[in-house]
Amino acid sequence: MDLKSLIRDIPDFPKPGIMFRDITTLLSNPQGLSYTIDSLAEKCSAVSADYVVGMESRGFIFGAPLAYKMGIGFIPVRKPGKLPGAVHFAEYELEYGVDRLEMHRDAMTSGSRVLIVDDLIATGGTAAATAKLLEQAGCELVGFAFIIELQALGGRQKLPDVPIVTLVEY
Ligand SMILES: Nc1ncnc2c1ncn2[C@@H]1O[C@H](COP(=O)(O)O)[C@@H](O)[C@H]1O
Ligand SMILES: O=P(O)(O)OP(=O)(O)O
């Protein structure tokens, strides 16, 4: 299936110069959505993960059905102040300033094997910060999965040396 044809390009969003890769058009296509989740599950089965971790918010959209399909648990990584329990946190750089991601400290037992999932990798800052959260939790990062990779931004160079699954490249 040609997934790229289901992803809409919106120039200059959210700011001038950014080509936004809009996955809402892929999500609303039933064949596209099931193909996406099935393909991720097939490509990720070899890493034998215990949990999928997805980042707010588009990582939730793909991460939870992927975990369901793989028969494993899903753990949300959220933006600051959203999780009610004690959290691990990691900061990462944005174009201007820093942002922060949080994960419940008791989300998983140490030593768990974890797959990180998001819709898209650009500079890699979000995924690298999530990997740091797993390190704090004493978990074993076994891989990353993204629907889209923006290759020119070199995000994968920021990530630890584990398998990286992508479905569509620009
Ligand atoms: N061009 C983009 N289109 C849609 N979404 C994007 C785009 N660039 C970044 N994003 C979102 O930001 C993070 C990944 O950014 P990093 O620079 O790799 O941290 C990801 O959650 C995308 O949804
Ligand atoms: O749009 P979201 O919530 O997926 O966040 P981000 O753009 O930070 O990935």
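What counts as what
Residues numbered from 1 in each chain as written. Chains lettered and ligands numbered in written order. Predicted model: local features only at pLDDT ≥ 70, side-chain atom pairs only at ≥ 80, totals over all residues. Heavy atoms only, no water. UniProt positions renumbered as here; feature names shortened; annotations may be inferred. Helix = DSSP H or I, 4+ residues; strand = E, 2+ residues; numbered from the N terminus. Salt bridge = Lys/Arg side-chain N within 4 Å of Asp/Glu carboxyl O. Buried < 20%, exposed > 50% of the residue type's maximum accessible area, 1.4 Å probe, protein only. Near = heavy atom within 4 Å. Polar contact = N/O pair within 3.5 Å; in protein donor to acceptor, adjacent residues only side chain to side chain. Areas by Shrake-Rupley, 256 points an atom, 1.4 Å probe, with all protein chains shown as cover. 1 Å grid on protein atoms, 1.4 Å probe; cavity = no way out; pocket = protein on both sides within 12 Å on 5 of 7 lines; lining within 4 Å. Sits in = over half its atoms within 2 Å of the grid points. Nonpolar A, V, L, I, M, F, W, Y, C, P; charged D, E, K, R; others polar.

Under the annotation held in an unreviewed UniProt entry, the chain carries the name Adenine phosphoribosyltransferase and is attributed to Phormidium nigroviride PCC 7112. Here the chain is described in UniProt, under the heading Sequence similarities (unreviewed entry), as follows: "Belongs to the purine/pyrimidine phosphoribosyltransferase family."

Quick look at the environment of Pro84 now. In this fold, Pro84 is placed in the loop between strand E4 (73-77) and strand E5 (87-93). For the pair Pro84 and Lys15, spaced 69 residues apart in sequence, the C-alpha separation works out to 32 Å.

As a further point, take the pattern of salt bridges. This model, assessed by the stated rule, comprises eight salt bridges. Linking Arg8 and Asp22 is a salt bridge whose minimum nitrogen-to-oxygen distance equals 2.7 Å. Of this pair, Arg8 sits in strand E1 (residues 8-11) while Asp22 sits in strand E2 (residues 19-22); the two residues are 14 residues apart in sequence, bridging distant segments of the chain. Residue Arg8 is classed as partly exposed on the basis of its relative accessible area of 41%. On the basis of relative accessible area, Asp22 is assigned to the buried category, the value being 8%. For Glu140, the salt bridge identified is with Arg113, shortest N-O distance 3.4 Å. Highlighted residues: Glu140 in strand E8 (residues 140-149) and Arg113 in strand E7 (residues 113-121), separated in sequence by 27 residues. By relative accessible area, Glu140 is classed as partly exposed at 39%.

As a structural note, the neighbourhood of ligand 2 is formed by Glu56, Ser57, Arg58 and Lys79. Contacts to ligand 2 include Ser57, whose side-chain N or O atom sits 2.7 Å from an oxygen atom. In the environment of ligand 2, an oxygen atom lies 2.8 Å from a nitrogen or oxygen atom belonging to the side chain of Lys79. Taken by itself ligand 2 offers 270 Å² of open surface, and the protein chains cover 58% of this. Structurally, ligand 2 is housed in the largest pocket. Residue composition of the shell around ligand 2, by class: no nonpolar, one polar and three charged.

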